[in-house]
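Structure at a glance
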Amino acid sequence: MLFTKKSLTLDGFTGFRALDDLDPMRIPQGRGIFVVLRPADFEPVFLNKSTAGTFKKKDPSLTREALQAEWVADASVLYLGKASAGSQGNRGLRKQIQELLDYGRGRPTVVWDARLIWQLRDALDLVIAWKELPASEVNAAEAAYHAEFVSAFGRLPFANLVQARSKR
């Protein structure tokens, strides 16, 4: 897979809305995976301090050098995440993506793994898309997309700091 809007669309992803224009009520509530992409003309400008909220009183900010080291220059996809049912069975794409947005607006949440997105100056111009999947396929799909991205680019997307593994 090329990890472009076209290839993701062909693979069943929908949505493709700028974070700033996203209406969470239009996001399905089911389980699945989602991607954050940069628009074609997006150039990274790293902020000194993240706009994200704290998690367990930890500042999510990294140095510019650390951010630059994570940047994947040729990739459109900046983050690949999942939205599973959760321990209470009440989670899904809408809730996970809403928490991602809340986190970027400075609210403390548990979306620590995507924190690098919120240290980009124009983060709200980024685009999000999702793909609904049966709950039993979410973990394997996330792991497969991570592995495929690493195969294509030699590393994880910019804001993914830990590679997903299929859970048995």
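These lines cover the structure that appears in this document, whether it is placed above or below.

Rules of the game
- Residues numbered from 1 in each chain as written.
- Predicted model: local features only at pLDDT ≥ 70, side-chain atom pairs only at ≥ 80, totals over all residues.
- Heavy atoms only, no water.
- Phe/Tyr/Trp six-rings, centres within 6.5 Å; stacked < 30°, edge-to-face > 60°.
- Helix = DSSP H or I, 4+ residues; strand = E, 2+ residues; numbered from the N terminus.
- Buried < 20%, exposed > 50% of the residue type's maximum accessible area, 1.4 Å probe, protein only.

A few words now on the packing of aromatic side chains. By the definition in use, this model includes eight aromatic pairs. Taking the centre distance of 5.0 Å and the plane angle of 65° together, the rings of W71 and F158 count as edge-to-face. Note that W71 is positioned in the loop between α2 (64–70) and β3 (77–83) and F158 in the segment after α4 (138–153), a separation of 87 residues in sequence. Across the pair, F158 and W71 agree in class, each one buried. Taken together, F3, F13, Y145, F149 and F153 form an aromatic cluster joined through their ring pairs.

Here we come to unusual backbone geometry. Although it is not a glycine, F3 sits at a positive phi angle of roughly 60°. Here F3 is to be found in the segment before α1 (5–10). For F16, which is not glycine, the phi torsion reads 45° and is therefore positive. One can find F16 in strand β1 (residues 14–18). Judged by its relative accessible area of 15%, F16 is buried.

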